[in-house]
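An overview of the molecular structure
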Amino acid sequence: MSVLVSDLLVIGGGPAGLSAAMTFSRLKRTCILYDSGLYRNQGVKHSHTIAGFENESPSDFRFKMRQDLTKYYSNTFTFKLGKIIELKKLDNGLFEALDDEKNKINAKKVVLATGLKDHMPDIKGVQEQWGKRIIHCIFCHGTETANAPFGFLLTKNNSQMNPKLVESMLKLWRSLDHTDKYILTNGMDVETEQGRKDAGLEEKYDLVKKLGYNIISTPIESMAENSSETALEIKFTDGKSIEIPAMLLFPEKFTATEDSLPILTEGLLGDKLSPFGTISPPNTDLGVSGFPPRMGDDPRTNVKGLFWAGNSGSFVANVTVSLAQGQTAAVFAGDQLGEEDMLKL
Ligand SMILES: Cc1cc2nc3c(=O)[nH]c(=O)nc-3n(C[C@H](O)[C@H](O)[C@H](O)COP(=O)(O)OP(=O)(O)OC[C@H]3O[C@@H](n4cnc5c(N)ncnc54)[C@H](O)[C@@H]3O)c2cc1C
């Protein structure tokens, strides 16, 4: 067992954590970053809307950021592939962490850039296709689906979010000129008022029918990529099936990840995580429920010296926003350290 000492400990090596480490390293202060490597966009081959990296692989993007950190800041920056399993604030104001090899880390400040977990509907094949033929965001992966058949999956467990998905379908997705448009309700019977309500179609039912969407209410049995690897084959319980190149769904739930849950405790944060699994803001009436989501202008938590960045505090943050949030967290951490040092002069 060894004891590592650092000005800043960053937990998480996705875009948010790497950006925090990069910005903090500019101060020539010491920074250790731990990354357990379970990224939210794990299965994704191409990312979009990242300036200078359009259509590149997210793992290449992280690799380049790590490479830059070691190339330019190795005097003060240390990268650790591993997991932080315990984190607490001591009475002397320092943070004490323990990694999965039982090494101790003492840090003056900590940035939590631990990401988020998306929970899929319990339909065979959905999890495997997440980030491949099943997507959640037009800006991330929608454009590539244009001028071809496309589906929108609404599920009962998502009845609160379904009206938002329907709204987004009508406001944003129509400009992609999908040839055949399917709305799949997985058993919610849109012939009934309750079914339309659960599916988020209550007010828009007549409109979507007029616009030519094919609504299929039959429960889904399974889905998988077809044998020619050109489309998603969706099988229904009545024996029928359709093939569409891609489909949209909103995750049914967000939570902290397996690796972050043990450290994002009420004992550490002084507050519960929001219903979206995100770190709650400090003493403010804005966003305590997790909605509206935070965009990163305030990276503080309830605990002095403990900051958040990326999806750990904002479930809507994409890569660009996570980079900005990481930078803001590092600036706040550096500023706090500088102020504490100044008071000792
Ligand atoms: C299917 C899909 C496609 C997407 N496509 C795009 C796109 O095209 N463009 C775009 O801008 N955004 C896209 N996004 C969003 C993007 O993935 C997120 O915005 C981004 O990953 C958030 O970065 P992050 O650093 O907060 O979290 P992550 O990238 O998830 O990184 C968090 C890291 O923290 C680590 N960690 C957690 N707990 C611990 C611990 N205790 N110890 C050590 N490490 C820990 C995790 O293992 C992980 O490596 C997509 C998301 C999904 C789900």
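Remember, predicted model here, so these are calculated numbers, not experimental data. (Residues numbered from 1 in each chain as written. Predicted model: local features only at pLDDT ≥ 70, side-chain atom pairs only at ≥ 80, totals over all residues.)

Concerning the overall build of the protein chain
- Helices and strands together make up the secondary structure of the protein chain, namely 9 helices and 17 strands.
- Here the C-alpha coordinates of the protein chain stretch approximately 70 × 40 × 35 Å along the principal axes.
- For the protein chain, the residues scored as buried account for 39% of the 345 residues in total.
- Considering only contacts within the protein chain whose residues lie at least 6 apart along the sequence, 65% involve residues at least 24 apart. (Helix = DSSP H or I, 4+ residues; strand = E, 2+ residues; numbered from the N terminus. Buried ≥ 20, exposed ≤ 12 C-beta atoms within 10 Å, placed from the backbone. Contact = placed C-beta atoms within 7 Å.)

What to know about the domain arrangement of the protein chain
- Here the protein chain is partitioned into domain 1 (3-118 + 253-343) and domain 2 (121-248).
- The gap between the C-alpha centroids of domain 1 and domain 2 is 34 Å.
- Tallying the contact residues gives 6 residues for domain 1 and 6 residues for domain 2.
- When its residues are assigned to classes, the side of domain 1 that touches domain 2 shows 1 nonpolar, 5 polar and no charged. (Domains from an automatic or database assignment. Nonpolar A, V, L, I, M, F, W, Y, C, P; charged D, E, K, R; others polar.)

Side note on the sheet that holds strand β14 (residues 241-244)
- Pairing is antiparallel across the open sheet formed by 3 strands, whose spatial order is β12-β13-β14. Each end of this open sheet is capped by a strand with a single partner; those strands are β12 (220-225) and β14. If you compare each strand with its neighbour and ignore which way they point, the axes differ by 15 degrees on average.
- With 4 bridges joining them, strand β13 (residues 232-236) and β14 adopt antiparallel strand pairing. (Pairing = 2+ DSSP bridges. Axes fitted to C-alpha atoms, helices over the stretch in contact; angles between N-to-C directions.)

Details of the packing of helix α1 (residues 15-25) against helix α9 (residues 319-343)
- Axis separation between α1 and α9 bottoms out at 7 Å; the angle between their running directions is 40 degrees. Between α1 and α9, the interaxial angle falls into the category oblique. Judged by the twist between their axes, the crossing of α1 over α9 is right-handed. Residues Pro15, Ala16, Gly17, Leu18, Ser19, Ala20, Thr23 and Phe24 of α1 lie in contact with α9, whose contacting residues are Val319, Ser322, Leu323, Gln325, Gly326, Gln327, Ala329, Ala330, Val331, Ala333 and Gly334.
- Of the residues contributing to the contact of α1 with α9, the split by class is 11 nonpolar, 8 polar and no charged. (Parallel < 35°, antiparallel > 145°, perpendicular 65-115°, else oblique. Left-handed = near helix turned anticlockwise from the far one by under 90°.)

What to know about the UniProt feature "domain: FAD/NAD(P)-binding" (unreviewed entry) in the protein chain
- In this structure's numbering, the residues bearing the UniProt feature "domain: FAD/NAD(P)-binding" (unreviewed entry) are residues 7-137.
- Between the end C-alpha atoms of residues 7-137 there is a gap of 37 Å, over a span that is 24% helix and 31% strand. (UniProt positions renumbered as here; feature names shortened; annotations may be inferred.)

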